[in-house]
Protein chains: 2
Amino acid sequence: MEDRKKDLSERKKIILKAIIDAHIENGEPVGSKFLTGHKQISCSSATIRNEMAELEEMGFLEQPHTSAGRIPSEAGYRFYVDWLIDRYNFTQGEIDELRRTLNQKQSELDAVMQTAVTLAAKLTNYTALAIKPRQPRITVGRYELLRLDEMTLVLIMVIGGIVKTKYVHSNRPIPNEAAACLSAVLNKYVTGITASEITLPMMMEMERVMGEYEYLVSPVIKAVCETISVFDGGDLRFEGINRLLSYPEFYDMDRLRDMLALFEKKDDLLEVLSEETTHTPDDRVQVYIGRENIVKVMDNSTLIFKAVRDHGKTVGAIGIIGPTRMNYRRVIATIDHLTRGVSEVLGDPNGNDGADGNE
Amino acid sequence: MEDRKKDLSERKKIILKAIIDAHIENGEPVGSKFLTGHKQISCSSATIRNEMAELEEMGFLEQPHTSAGRIPSEAGYRFYVDWLIDRYNFTQGEIDELRRTLNQKQSELDAVMQTAVTLAAKLTNYTALAIKPRQPRITVGRYELLRLDEMTLVLIMVIGGIVKTKYVHSNRPIPNEAAACLSAVLNKYVTGITASEITLPMMMEMERVMGEYEYLVSPVIKAVCETISVFDGGDLRFEGINRLLSYPEFYDMDRLRDMLALFEKKDDLLEVLSEETTHTPDDRVQVYIGRENIVKVMDNSTLIFKAVRDHGKTVGAIGIIGPTRMNYRRVIATIDHLTRGVSEVLGDPNGNDGADGNE
DNA sequence: GTTTAGCACTCGTGGTTTTGAAGTGCTAAA
DNA sequence: TTTAGCACTTCAAAACCACGAGTGCTAAAC
């Protein structure tokens, strides 16, 4: 078997590769006539037909029905992958881009919200969303530093009751005592102020205090700023997008595609919802039906959400998006309970006795 | 307007509610005849027709075309939500379940892997997956405890170079010095052993050493065990599921549904892939075409993935899933580069000079 | 022996037509 | 005010048809 594979005549290989390439390109069965246009193939369609018939006999091609062209069989793809494709070369630019993106670490989404939104999707069987609104004035309340290994520190920050960790790599070895020293300095100088309030004189002062460890100040402060900025940047997360498919209203591929496109460009939606979430005075479940929605595409869809409060402050929102024909009763109740649950878990004593969520 | 709404005759309300309920249930327009079967409605279809015509005039109903039944308009839904639905009551069981799930915090997926998988989906325009295989022997290398507020500790664990944080709520106030004391005890007794190796005598010994703070030992150890168990439990994450829709092979709703169902029940897939990932000897990109796949549903789909190694140890895998008709060249190259990139970011010096990933 | 042109054959696709069922509105009777 | 009956409308599914694409085969050409 192994031998037979390599035994293909050069022309068969070219034809097979041409067929698979073309099929990968446009997804349709490819016929003999089409291949005559290929530059590496100079014989007539009849010859190609013969070759194709043989390739089919060998199991590399198959035809969906007699008057369609050929498509590659699984064995065909296998041969293609094993013997016919040459290596794809990334440009240096692409490689750099890739490394850069990998290096800038993503902030982890707040775990409770993540659990809640997953749960919301599961319980209602609609697509769920979690909103963390933009927060313009966010500050760090407390710092802690651990020395992880010779060159790495773990920076632990308490931001509004939430703990964030971030790794800081140094290019010089870090002595054991430097971590404690640095955390003391951070706690003294950069608590309770926003990222933009950290001034150059402050940094110089810190470097002076740090003495011989001054080289650690700049990378750590950079890490602090980064964390703050992703933290206050807002976030919008969907869960259970595929659940849309359970509903006949989304059987229409075009509508479905529109919806998914909406999920893709989160920024617009986030902008609108941030506004909506933070400025809603009362504490009820919000229901936007069809064209009541702020976003155009959401005709025929309903958005239901409720803000999550922690000690009276809005820290996010959890919601559901689905067809207008939605089980309102169940969804409203679920969202109501969930947001309260989250508030409770966050330690908000008022989580369970605010205004009634429904009606 | 507000008045008119409440002005609906009782019978109209019943009919409207019945129509919307029925429509929510089965998604189809509902006709007069169907409603005669409703228990609260005792008039004939002709009467109902008259009522429906009036409801339509008021704007609560509309008909898609003359010989279909009626469907609720947006105003109809609005009225329904505002006036007609009663509150859905969760059973106590459901509520408990919900609170329990919210309380057990999800471990955040390794940030780099998350970035990588998002990137993989974006670069290839197929659905990407990240696998963290089950790890039977996982231990904590180091503990750190912070007192967050009077009743709450933050437990910080270094597990295989990864930092995990977990909140521990106490039902008694926590003195300032308890945190330091407890972390010393943890570091002494429970480093380098797996969750199942923590014995009752060990816990009792720890409680003895802790003296008056012994009440903190049990909840903290519980938190440790939980963290370890979610950490070694394996994880499977998909990104860019919607990208499937770009490809005509998934225009068929049934096939699409099958595929999405596959994504839902991660456990099976994880089991198989854990095996596959950890026991693959060589360091290349794995390609499974069509029925070569271990999982049934994946006929007509190709799975491509490669293990991510960190200092020689397999810590996960990144892959792509898509139609058999796939741009193999590009995908293989992307996965290859990505896994290497991740290894590099993780600090693996061999990230970039292992066996050639392709061919 | 291999390649090519020609031709009859097959089969799916796209468009049109037909039929049937569902549901309505209206009218007249109860 | 309610109900039965009937004519009308409209969509959906089935049936039908013609077309085009692509093949396999045969016989002639190289």
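As a reminder, the structure under discussion sits directly above these lines.
Just so you know, these numbers come straight off a predicted model, no measurement behind them.

## Comments concerning the relation of the copies chain A and chain B
Okay, so step 1: Note on the copies: chain A fits chain B at an RMSD of 0.7 Å, the axial shift is 0.1 Å, and the rotation between them is 179 degrees. One copy is carried onto the other by what is essentially a two-fold rotation axis.
Okay, so step 2: With an isologous cut-off of 70% or more, the 100% of interface residues of chain A that recur at the interface of chain B puts this contact in the isologous class.

## Some thoughts on the protein's contact with DNA strand C
Okay, so step 1: Surveying the vicinity of DNA strand C reveals 20 residues, the closest of which are Thr-47, His-65 and Thr-66 of chain A together with Ser-32 and Arg-70 of chain B.
Okay, so step 2: For DNA strand C, the backbone portion of the atoms within 4 Å of the protein, that is sugar and phosphate, comes to 77%.
Okay, so step 3: At 2.8 Å from a phosphate oxygen of DNA strand C is found a side-chain nitrogen or oxygen belonging to Ser-32 of chain B.
Okay, so step 4: At a separation of 2.9 Å, a phosphate oxygen of DNA strand C approaches a polar side-chain atom of Arg-70 of chain B.

## Quick notes on helix α5 (residues 74-84) of chain B
Okay, so step 1: Among all positions in α5 of chain B, only Gly-76, Tyr-77, Arg-78, Phe-79, Tyr-80, Val-81 and Leu-84 of chain B are buried.
Okay, so step 2: The residue sitting at the N-terminus of α5 of chain B and contributing the capping side-chain oxygen is Ser-73 of chain B; that oxygen lies 3.3 Å from the backbone nitrogen of Ala-75 of chain B.

## Overview of the protein's contact with DNA strand D
Okay, so step 1: If you check the shell around DNA strand D, you find 20 residues, and the closest are Ser-32 and Arg-70 of chain A together with Ser-44, Thr-47 and Thr-66 of chain B.
Okay, so step 2: For DNA strand D, the backbone makes up 73% of the atoms found within 4 Å of the protein, where backbone means sugar plus phosphate.
Okay, so step 3: Here a phosphate oxygen of DNA strand D and a backbone polar atom of Ser-44 of chain B are 2.9 Å apart.
Okay, so step 4: A distance of 2.5 Å separates a phosphate oxygen of DNA strand D from a polar side-chain atom of Thr-47 of chain B.
Okay, so step 5: Breaking the surface near DNA strand D down by element, the ones donating at least two residues are α4 (45-58) of chain A together with α4 (45-58) of chain B.
Okay, so step 6: The leading source of residues in the surface near DNA strand D is α4 of chain B, at four residues.
Okay, so step 7: In the surface near DNA strand D, the residues fall into four nonpolar, twelve polar and four charged.

## Thoughts on the interface of chain A and chain B
Okay, so step 1: Contacts between the two partners involve 81 residues from chain A, matched on the other side by 83 residues from chain B.
Okay, so step 2: With both sides pooled, the region where chain A packs onto chain B buries about 7900 Å², and carbon together with sulfur makes up 61% of that total.
Okay, so step 3: The largest share of the area that chain A buries against chain B comes from Arg-87, Leu-102 and Arg-329 of chain A, three residues that together contribute 9% of it.
Okay, so step 4: Taken together, chain A and chain B are joined by ten salt bridges.
Okay, so step 5: Residue Arg-291 of chain B pairs with Glu-74 of chain A through a salt bridge whose shortest N-O separation is 3.3 Å.
Okay, so step 6: Remark: the boundary between chain A and chain B carries 16 residue pairs in polar contact (both at pLDDT 80 or more).
Okay, so step 7: With 14 residues, the single largest contributor to the side of chain A that touches chain B is helix α13 (residues 328-345) of chain A.
Okay, so step 8: Per-class residue counts for the side of chain A that touches chain B are 39 nonpolar, 17 polar and 25 charged.

## Some remarks on the sheet that holds strand β3 (residues 127-132) of chain A
Strand-to-strand pairing in sheets goes through backbone hydrogen bonds, with the strands running parallel or antiparallel.
Residues and elements named next belong to chain A.
Okay, so step 1: Strand order in the open sheet formed by five strands is β7-β3-β10-β9-β8, with antiparallel pairing between adjacent strands. A single partner strand is all that each edge strand has here, and the edge strands are β7 (235-239) and β8 (286-289). For this sheet, the mean angle separating the axes of adjacent strands, direction not counted, is 20 degrees.
Okay, so step 2: With five bridges joining them, β3 and β7 adopt antiparallel strand pairing. The partner of Ala-128 across the bridge, within β7, is Glu-239.
Okay, so step 3: Sheet strands in contact with α13 are β8, β9 (301-310) and β10 (313-323), and its direction is about 20 degrees off that of β9.

## Notes on the state of the cysteines
Think of a disulfide as a covalent bridge from one cysteine sulfur atom to another cysteine sulfur atom.
All names here are of chain B.
Okay, so step 1: For the coordinates displayed, the defined rule picks out zero disulfides over all chains.
Okay, so step 2: Cysteine Cys-181 remains unbridged, with the sulfur of Cys-225 as its closest cysteine sulfur at 19 Å.
Okay, so step 3: Relative accessible area serves as the criterion here: at 28%, Cys-181 is assigned to the partly exposed category.

## Description of the pairing of β9 of chain A
Residue and element names in this part refer to chain A.
Okay, so step 1: Of all ten residues that make up β9, ten are buried, and the element is covered over most of its length.
Okay, so step 2: The sheet contact formed by β8 and β9 spans four bridges and is antiparallel. Paired with Val-287 across the strands is Ile-304, a residue of β9.
Okay, so step 3: Of the pairings in the sheet, the one linking β9 to β10 comprises ten bridges and is antiparallel in character. Looking across to β10, one finds that Asp-310 is bridged to Lys-313.
Okay, so step 4: Hairpin connection between β9 and β10: a loop of two residues separates the two successive antiparallel strands, and His-311 in this loop has a positive phi of roughly 50 degrees.

Analysis parameters
- Each chain carries its own residue numbering, running from 1 in the written order of its sequence.
- Chain labels run from A onward and ligand labels from 1 onward, assigned in the order the entries are written.
- With the structure being a predicted model, the display of local features is reserved for residues of pLDDT at least 70 and the display and counting of side-chain atom pairs for 80 or more, all residues being used for whole-chain, interface and lining totals.
- Hydrogen atoms and water are omitted, and side-chain values are computed over all heavy atoms in the structure.
- The least-squares superposition of copies is restricted to C-alpha atoms, and to residues with a pLDDT of at least 70 in both copies.
- The contact rule is simple, with two residues in contact once any of their heavy atoms fall within 4.5 Å.
- Proximity is defined per residue: any heavy atom of the residue falling within 4 Å of a molecule or strand makes that residue near it.
- Polar contact is defined as a pair of N or O atoms within 3.5 Å, subject to the rule that within protein one atom must be able to donate a hydrogen and the other to accept it, and that residues adjacent in sequence are counted only when both atoms are side-chain atoms.
- Each residue is assigned to one of three classes by its accessible area relative to the maximum for its type, calculated with a 1.4 Å probe on protein chains only: buried under 20%, partly exposed between the two thresholds, exposed over 50%.
- Numbered from the N terminus, helices here are DSSP runs of H or I no shorter than four residues, and strands are runs of E no shorter than two.
- Throughout, the ten residues Ala, Val, Leu, Ile, Met, Phe, Trp, Tyr, Cys and Pro are labelled nonpolar, Asp, Glu, Lys and Arg are labelled charged, and all others, Gly among them, are labelled polar.
- Buried area is calculated as the accessible area (1.4 Å probe) missing from two parts once they are joined, with the contributions of both summed.
- We define a salt bridge as a side-chain nitrogen of Lys or Arg found within 4 Å of a carboxyl oxygen belonging to Asp or Glu.
- In this scheme, strands are said to pair when DSSP sees at least two bridges between them.
- Here the axes come from fitting lines to C-alpha atoms, over the contacting stretch only for helices, and the angles between their N-to-C directions go from 0 to 180 degrees.
- Disulfides are defined as cysteine sulfur pairs within 2.5 Å.

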